[in-house]
Amino acid sequence: MRLRPCTPDERAQVRALLIESKLPIAGLDTAAIDFIVAVEAERVIGAIGLEAYAQAGLLRSLAVREEHRGSGVGDALVQALETQARERGLHQLLLLTETAQPFFARRGYALVERRLAPPALRDSAEFRSLCPASAACMQKDLGDRP
């Protein structure tokens, strides 16, 4: 398995994976989302996206093909995204989830009230309309590390 930035040719595979994983795809073509993909035999087996807003980032759309779940692909994608966020100078990551709260809690993400998210994130499509109000909002401080 290799992790790398998503190429334009792989966007359709990422979209199909998100649909298969029952994650929202609205805004994929209009939002500035940088995807990292996990690739095996030239097939996308996992993906995670980052939307940057000033010093905070929105972690979007972590998805792993069902047959690869539990094998460390999701963990590797989250670590790669956190590294990328730090390199871009982001100090915190936020996410919304209806199903993956325990997964992210094990990786240092804590529940926070949605209203405490930075204003730019609250104005994103993900916060405004893509994820229901029942979705848990989680946050992780990345510190000042590069």
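About the criteria used
Residues numbered from 1 in each chain as written. Predicted model: local features only at pLDDT ≥ 70, side-chain atom pairs only at ≥ 80, totals over all residues. Heavy atoms only, no water. Helix = DSSP H or I, 4+ residues; strand = E, 2+ residues; numbered from the N terminus. Rg over C-alpha atoms; globule rule 2.2 N^0.38 Å. Buried < 20%, exposed > 50% of the residue type's maximum accessible area, 1.4 Å probe, protein only. Contact = heavy atoms within 4.5 Å. Pairing = 2+ DSSP bridges. Axes fitted to C-alpha atoms, helices over the stretch in contact; angles between N-to-C directions. Right-handed = clockwise from strand over helix to strand, strands pointing away.

## Concerning the overall build of the protein
Scanning the protein from terminus to terminus reveals 5 helices and 7 strands. Along the chain direction, N to C, the helices and strands of the protein fall in the order β-α-β-β-β-α-β-α-β-α-α-β. Scaling as 2.2 N^0.38, a compact globule of 146 residues should have a C-alpha radius of gyration of about 15 Å, and the protein matches this with 14 Å. For the C-alpha atoms alone, the extent of the protein along its principal axes is close to 40 × 30 × 30 Å. Every one of the 146 residues in the protein was classed for burial, and the buried ones make up 45%. Of the contacts made within the protein by residues no fewer than 6 positions apart, 67% connect residues no fewer than 24 positions apart.

## A few points about the sheet that holds strand 3 (residues 43-53)
Spatially, the 7 strands line up as an open sheet ordered 1-2-3-4-5-7-6, and their pairing is mixed. Since the sheet does not close on itself, it has two edges, and those belong to strand 1 (2-5) and strand 6 (110-111), each with one partner. Where strand 1 lies against strand 2 (residues 34-40), 4 bridges are found, and the strand directions are antiparallel. Bridge assignment links P5 to a residue of strand 2, and that residue is I36. Sheet contacts for helix 1 (residues 11-20): strand 2, strand 3 and strand 4 (56-64); angle to strand 3, the most-contacted strand, approximately 90°.

## Overview of the pairing of strand 4
Of all 9 residues that make up strand 4, 9 are buried, and the element is covered over most of its length. Note: strand 3 against strand 4, 7 bridges, orientation antiparallel. Bridging from a neighbouring strand, G49 pairs with R60 of strand 4. Counted between consecutive antiparallel strands, the loop separating strand 3 from strand 4 contains 2 residues, among which A54 sits at a positive phi close to 55°. Sheet analysis places strand 4 next to strand 5 (residues 92-97), joined by 3 bridges and oriented parallel. Counterpart to A56 in the pairing with strand 5 is Q92. A crossover links strand 4 with its parallel partner strand 5, the connecting element being helix 2 (residues 73-87), and its sense is right-handed.

Shape descriptors only; they carry no functional weight alone.
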